[in-house]
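Notes for the structure review
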Amino acid sequence: MIDKTIDRSLRWLDDRLGIAKGGRTFLDKIFPDHWSFMLGEIALYSFVVLLATGVFVSLYYIPSAHEIVYHGSYIPLRGQRVSEAYASSVGLSFDVKSGLLMRQAHHWAANIFLGSIAVHMARVFFTGAFRKPREFNWIVGVSMLILGIVNGFLGYSLPDDLVSGTGIRIAYSIIESIPLVGSYLGTFLFGGNYPGNGIIIPRFYILHVLIVPLLIIGLLAAHLGLLVKQKHTQFGGKGKTEHNVVGTPMFPTFIAKTTGFLFMTTAVLFLLGGLAQINPIWQFGQYQPYQISYAVQPDWYMGWLDGALRIMPSWEWVGWGHTIALEVFLPAVIFPGLIFNIFIVWPFIESRHTKDLAYHNLLDRPRDRPLRTAVGVAMLTLLFMVFFASSDDVLANFFQVPLVAVLWFFRIAVVIAPVIAAVVAYKICNEMRAAEGVGKRKRPQIVTRSSTGEYSTTDAEPRPGDGVEELDAIPVPTYIDLVPPELATGVGVRRVMR
Amino acid sequence: MSDDAPRLEGPLPPAALDDPHLQPYAKHPERAQAVAAVAMVVGFLGFIGFGVAYWVGDSAQWEAVTLGGGLLALGFGVTAWGKYLMPQGPFEEERHEFHSTEAEREAMTAAVTERGGMVLRRRKLLGGLFALGSTAMGIVLLFPLLRSLGPKPGNTLFETNWTKNSQLVTVDGRPIHVDDLAVGGVLTVFPRGYTGSSQDQVILIRLAQLGPLDPPLVINPPGRTDWGVQGYVAYSKMCTHLGCPVGLYQEQTQQLVCPCHQSIFNVLSGAIPEFGPAPRPLPQLPLTADSAGNLRSQSGFNQAVGPGFWERP
Ligand code: HEM
Ligand code: FES
């Protein structure tokens, strides 16, 4: 009988690894239910898809700038001289079965990976989940965000098409703008003045497929390990305190739900990968340093840097025989550095300000912390403004206004809009706090009109979630008393061997 | 173990099968099961469909619909199973603060400061030498890590392959005759022998029909009045902002636009930047025509081309 075999194998393992106690605690680990806790899962599962599709595309992609004549099946390119990197990426799209699906799913997964990290991070911020004892996990998270952005940039530089080459060119010049060491770093990294000696593609490749993913995997392990050790935060509610976690157990409920969610996230990424074209490199053509394509935006997570570069005034500093390209160095090096550093130190800034040294396991509602919420809203507004500034040409065209006007709009907006947004957010928080019962789920009332025209109201049936019928939480039971099957009421209730 | 063996006391109390915490969330579990089952069957069919799509066709769309559809349906089925048919609790787990007892903390600090400190304070010399050695190792290891990567920049950021009398050629290596471009025409050119080079790319524009440039039309900076020939002017095509090719010429306004961050350069007055983040004019290449009527450079550039960098004076 299967239960016996399982029992025997678990005992065998426990004799050697001593897993019974820890293992069962792990299976009983409680996951609080809230939709916003799924944001991190989207990020995790997109990363899984990135690894899987990444392994697939790396079997066909050739990281080489070596020039060959294209002979593949995409007719407009036949006979042209292209790099092996470009030829293999186009080949992956047209000559490898399922190749296009995998390549595009990889690219979509990168975009959604970073998008879900950003939203997840906002959730953690606005609910105060980063407070003691979770400061480390906040920092680990920010580090993964940075590495994810870097790896995304490295990845879309690999196909060596016109758009990616332009990105690499810009990256070179940004490195060049660093005072004192910039020119050296640039030629070291590229093997010479731009475009270098062709070494940059293999270098980006090894960073992209090995080094950065390894770092991310290490951080991810730390992130999840800390999560298990420190346990989840939860929103307040019936029976929820600073000293417990209320929800559903890892096994079997959470495992089932999260496996389903893994499948569904993967599904969306593959549906996008096959149905929504992304990065059609065969249309852009092979990169040539003297060619440029118009109105292509970088992947969204680079947009804010591009926007910052666009709205920066042309403040080059020249003196004492030297030049500092402030018009590049400030927006492309200092600005992101500052933003990420603010992210990293925020938990400490806040706890210094609030003088709050307590453990926090219950989450804040954003309105209850108006100042933090205002700061977060200001930061988001700033990032959105620079992000939209990266489409200044598109916006100018669309609204038929001069580019100069759009540019000045954004130059002013990045300063003023965050302040306005912060004030408004602060006010809204306070108003919401003043209003009683806002945001609580109310029990509906049923209004009936009698035959004589009188109206009367009665409470509707209680629904799960409105707090009326909620049971008191109990610890996950060790085993379940067996009842003859004909008396069992529920479907799918797990029976545990005695 | 058999069913009638005595039950061991587990760490937590048992629950009866009819305990409300163990009941499924669904009001009608049979219906929920039917929905989940249908979804899983659809998922199964989706995967079979993917197999078929893979073997018979070569369509990313069909592959996505079958694989994605299969994953979506199967995932939906499993999620529904978990959400509606498995025990929903609520269950609770206690949290413990993770910090250790005060005694343990003190012991920890003592181990580091007293035991470790004793060793260090007694052997300051060794401690110092170890720090010195490992610092030296850290620094010298940076050499292969950084210095081996590539050459020093040397003069390469300042130099181009344009010299006195370089012949202008197109990317296919064809020389350019003064009659080749109509007014308003633009062409990307290179010095002969260096076609396609990033550093040497030059944009050649024909502004007027004949003769040396008309003073009222072109306000060349002082000293550059004879840098055009037969209505042609030539500028480095590398944007002074971040090095993108300044590829867009707007004939009506006589402006060169960089598509990367919308810097705009005025072609009529030495390509000074009129808008956008570019800090400097595009360096101008002085032109002349040889006896055969082909365009050549009078000399190389008088400054470094492209974006700014520290060593640039
Ligand atoms: C954080 C994780 C990752 C991110 C954000 C990421 C992102 C990207 C992006 C945006 C591209 C451009 C795709 C395109 O051609 O349109 C790309 C290409 C590529 N990635 Fe990744 N990737 C990640 C992990 C990986 C891993 C783990 C591998 C390999 C094991 C991998 C292998 C590749 C290869 C070979 C290419 C070039 C494919 C081609 O375009 O021909 N990636 N990546
Ligand atoms: S590279 Fe030309 S404007 Fe930025």
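**Section: the overall build of chain B**
- A count of helices and strands for chain B gives four helices and 12 strands.
- Expected size for 313 residues packed as a compact globule is a radius of gyration near 20 Å; at 38 Å, chain B overshoots this value by more than 25%.
- Overall, chain B is about 110 × 75 × 35 Å in size when its C-alpha atoms are taken along their principal axes.
- Split into buried and exposed, the 313 residues of chain B put 45% on the buried side.
- Looking at chain B alone, contacts between residues at least 24 apart form 58% of all its contacts between residues at least 6 apart.
- Within chain B, the 27 negative side-chain charges are centred at a point lying 13 Å from the centre of the 22 positive side-chain charges.

**Regarding the interface of chain A and chain B**
- Across the boundary between the two partners, chain A contributes 114 residues, which contact 103 residues of chain B.
- Both sides of the chain A and chain B interface together cover about 9,800 Å² of buried area, and 63% of this is carbon and sulfur.
- Its salt-bridge partner being Arg280 of chain B, residue Glu316 of chain A comes within 2.9 Å of it at the nearest N-O pair.
- If you look at where chain A meets chain B, you find 33 residue pairs in polar contact (both at pLDDT 80 or more).
- In terms of residues, the side of chain A that touches chain B owes the most to one element, helix α10 (residues 250–275) of chain A, which gives 15 residues.
- By residue class, the composition of the side of chain A that touches chain B is 57 nonpolar, 33 polar and 24 charged.

**Let's talk about the pairing of strand β5 (residues 202–206) of chain B**
All names here are of chain B.
- With respect to burial, β5 is a largely interior element, five of its five residues being buried.
- Taking every second residue as pointing to the same face, both faces of β5 are buried, with Val202, Leu204 and Arg206 on one and Ile203 and Ile205 on the other.
- Bridge count between strand β4 (residues 186–191) and β5: four bridges; the pairing is antiparallel. Residue pairing in the sheet places Val186 in a bridge with Ile205 of β5.
- By the bridge criterion, five bridges tie β5 to strand β6 (residues 232–236) in an arrangement that is antiparallel.

**As for the site of ligand 1**
Residue and element names in this part refer to chain A.
- Around ligand 1, a shell composed of 29 residues is seen, among which Ser89, His106, His107, His208 and Asn279 lie nearest.
- One nitrogen or oxygen atom from the side chain of Ser89 is found 2.8 Å from an oxygen atom belonging to ligand 1.
- If you list the elements that add at least two residues to the shell around ligand 1, you get α3 (38–58), α4 (84–94), α5 (99–126), α6 (135–157) and α9 (200–230).
- At seven residues, the largest contribution of residues to the shell around ligand 1 is made by α3.

**Some points on the coordination of the iron atom of ligand 1**
Residues and elements named next belong to chain A.
- Donor atoms from the polypeptide that coordinate the iron atom of ligand 1 comprise His106 (NE2) and His208 (NE2), at 1.9 to 2.0 Å from the metal.
- Around the iron atom of ligand 1, the six donor atoms are arranged such that angles at the metal cover 86 to 179°; this shape is classified as octahedral. Placement of the pair is His106 in helix α5 and His208 in helix α9, with a sequence separation of 102 residues.
- Accessibility expressed as a relative area gives 17% for His106, which makes it buried.

**Remarks on the domain arrangement of chain B**
- As assigned here, chain B comprises domain 1 (20–148) and domain 2 (155–313).
- On a C-alpha basis, the centres of domain 1 of chain B and domain 2 of chain B stand 56 Å from each other.

**Here we look at a nonpolar patch on the surface**
- Among the surface-exposed residues, Leu180, Val181 and Leu185 of chain A together with Met137, Ile139, Val140, Leu141, Leu142, Phe143, Leu145 and Leu146 of chain B lie close enough to one another that they form a single nonpolar patch of about 1,000 Å² accessible area.
- Here the nonpolar patch gets eight residues from one element, more than from any other, and that element is helix α4 (residues 124–146) of chain B.
- Note on placement: Leu180 of chain A falls in the loop between α7 (162–176) and α8 (182–190).

**Some points on the side chain of Arg296 of chain B**
All names here are of chain B.
- As for its position among the elements, Arg296 is in strand β12 (residues 295–297).
- At a separation of 2.7 Å, a polar atom in the side chain of Arg296 contacts the side chain of Asp290.
- What Arg296 contacts, discounting residues up to four positions off in sequence, is Asn165, Ser166, Gln167, Leu168, Pro286, Leu287, Thr288 and Asp290.

**Points about the sheet that holds strand β9 (residues 264–266) of chain B**
All names here are of chain B.
- The strand order β7-β8-β9-β10 describes an open sheet built from four strands, whose pairing is antiparallel. Across the chains shown, the open sheet's two edge strands, defined by having one partner strand only, are β7 (248–250) and β10 (272–275). Geometrically, the sheet is characterised by an average inter-axis angle of 35° between neighbouring strands, direction not taken into account.
- Pairing of β7 with strand β8 (residues 255–257), which is carried by three bridges, proceeds in the antiparallel orientation. Across the sheet, the residue bridging to Leu248 is Val257, located in β8.

**Some details on the packing of α3 of chain A against α5 of chain A**
Residue and element names in this part refer to chain A.
- Packing of α3 against α5 brings their axes to within 8 Å, and their N-to-C directions diverge by 155°. By the angle class used here, α3 and α5 are roughly antiparallel. In this structure, the crossing between α3 and α5 has a hand that is left-handed.
- Its residues placed into classes, the contact of α3 with α5 shows 16 nonpolar, eight polar and two charged.

**Quick word on the nonpolar core**
- Core analysis: the largest hydrophobic core is formed by 77 residues, its most contacted members being Trp304, Ile339 and Phe343 of chain A.
- If one sorts the elements of this core by residue count, α6 of chain A sits on top with 10 residues.

**Looking at the environment of Gly69 of chain B**
- You can see Gly69 of chain B is positioned in helix α2 (residues 60–85).
- In sequence terms Gly69 of chain B and Leu45 of chain B are 24 residues apart; their C-alpha atoms lie 9.2 Å from each other.
- In contact with Gly69 of chain B, other than residues within four places in its own chain, are Leu271 of chain A together with Ala64 of chain B.

**Observations regarding the pattern of salt bridges**
- Scanning the model with the defined rule gives 16 salt bridges over all chains in all.
- Linking Asp472 of chain A and Lys238 of chain A is a salt bridge whose minimum nitrogen-to-oxygen distance equals 4.0 Å. Residue Asp472 of chain A is located in the loop between β8 (455–459) and β9 (474–475), and its partner Lys238 of chain A is located in the loop between α9 and β4 (244–249); the two are separated by 234 residues in the primary sequence.
- Residue Asp472 of chain A is classed as exposed on the basis of its relative accessible area, which comes to 56%.
- Across the pair Arg105 of chain B and Glu102 of chain B runs a salt bridge, and its minimum N-O distance is 4.0 Å.

**What to know about the sheet that holds β9 of chain A**
- Taken together, the four strands give an open sheet; going across it, the order is β1(A)-β4(A)-β2(B)-β9(A), and neighbouring strands pair in mixed fashion. The open sheet has two free edges, formed respectively by β1 (30–31) and β9 of chain A, since each of these has just one partner strand.
- Of the pairings in the sheet, the one linking β4 of chain A to strand β2 (residues 91–94) of chain B comprises four bridges and is antiparallel in character. Across the sheet, Gly247 of chain A pairs through a bridge with Phe91 of chain B, a residue of β2 of chain B.
- Against the sheet, α10 of chain A contacts β1 and β4 of chain A, and its axis sits at roughly 70° relative to β4 of chain A.

**Some thoughts on the packing of aromatic side chains**
Residue and element names in this part refer to chain A.
- In total, this model carries 33 aromatic pairs over all chains according to the counting rule given.
- Geometrically, the ring pair formed by Phe153 and Tyr156 is edge-to-face, given 5.9 Å between the ring centres and 70° between the ring planes. On the criterion of helical spacing, the pair formed by Phe153 and Tyr156 is a turn pair, its members being three residues apart in helix α6.
- Aromatic pair Phe190 and Tyr194: ring centres 6.0 Å apart, planes at 55°, arrangement tilted.
- An aromatic cluster is built from Phe125, Phe126, Phe130, Trp138 and Trp346, whose rings are joined through pairwise contacts.
- In this arrangement the basic side chain of Lys29 is found over the ring face of Phe31, its NZ or CZ atom lying 5.2 Å from the centre.
- Across from the ring centre of Trp408, 4.9 Å away, lies the NZ or CZ of Arg411, which sits over that ring.

**Thoughts on the pairing of β8 of chain A**
Residue and element names in this part refer to chain A.
- Of the strand pairs in this sheet, strand β7 (residues 445–449) and β8 are connected by five bridges, and their pairing is antiparallel. In the strand pairing of β8, Arg449 is matched with Tyr455.
- Linkage of β7 to β8, two consecutive antiparallel strands, is achieved through a turn of five residues, within which Gly453 is found at a positive phi near 90°.

Parameters and conventions
Residues numbered from 1 in each chain as written. Chains lettered and ligands numbered in written order. Predicted model: local features only at pLDDT ≥ 70, side-chain atom pairs only at ≥ 80, totals over all residues. Heavy atoms only, no water. Helix = DSSP H or I, 4+ residues; strand = E, 2+ residues; numbered from the N terminus. Rg over C-alpha atoms; globule rule 2.2 N^0.38 Å. Buried < 20%, exposed > 50% of the residue type's maximum accessible area, 1.4 Å probe, protein only. Contact = heavy atoms within 4.5 Å. Lys, Arg positive; Asp, Glu negative; His and termini not counted. Charge placed at Lys NZ, Arg CZ, Asp CG, Glu CD. Buried area = accessible area lost by both parts, 1.4 Å probe. Salt bridge = Lys/Arg side-chain N within 4 Å of Asp/Glu carboxyl O. Polar contact = N/O pair within 3.5 Å; in protein donor to acceptor, adjacent residues only side chain to side chain. Nonpolar A, V, L, I, M, F, W, Y, C, P; charged D, E, K, R; others polar. Pairing = 2+ DSSP bridges. Near = heavy atom within 4 Å. Donors = N, O, S within 2.8 Å, 3.2 Å for Na, K, Ca; no water. Tetrahedral: all angles 85-135°; square planar, octahedral: opposite > 155°, others 65-115°. Domains from an automatic or database assignment. Patch = residues over 30% accessible without salt bridge, like charges linked within 9 Å, V, L, I, M, F, W, Y side chains within 5 Å. Areas by Shrake-Rupley, 256 points an atom, 1.4 Å probe, with all protein chains shown as cover. Axes fitted to C-alpha atoms, helices over the stretch in contact; angles between N-to-C directions. Parallel < 35°, antiparallel > 145°, perpendicular 65-115°, else oblique. Left-handed = near helix turned anticlockwise from the far one by under 90°. Core = buried A, V, L, I, M, F, W, Y, C linked by side-chain atoms within 4.5 Å. Phe/Tyr/Trp six-rings, centres within 6.5 Å; stacked < 30°, edge-to-face > 60°. Lys NZ or Arg CZ within 6 Å of the ring centre and 35° of its normal.

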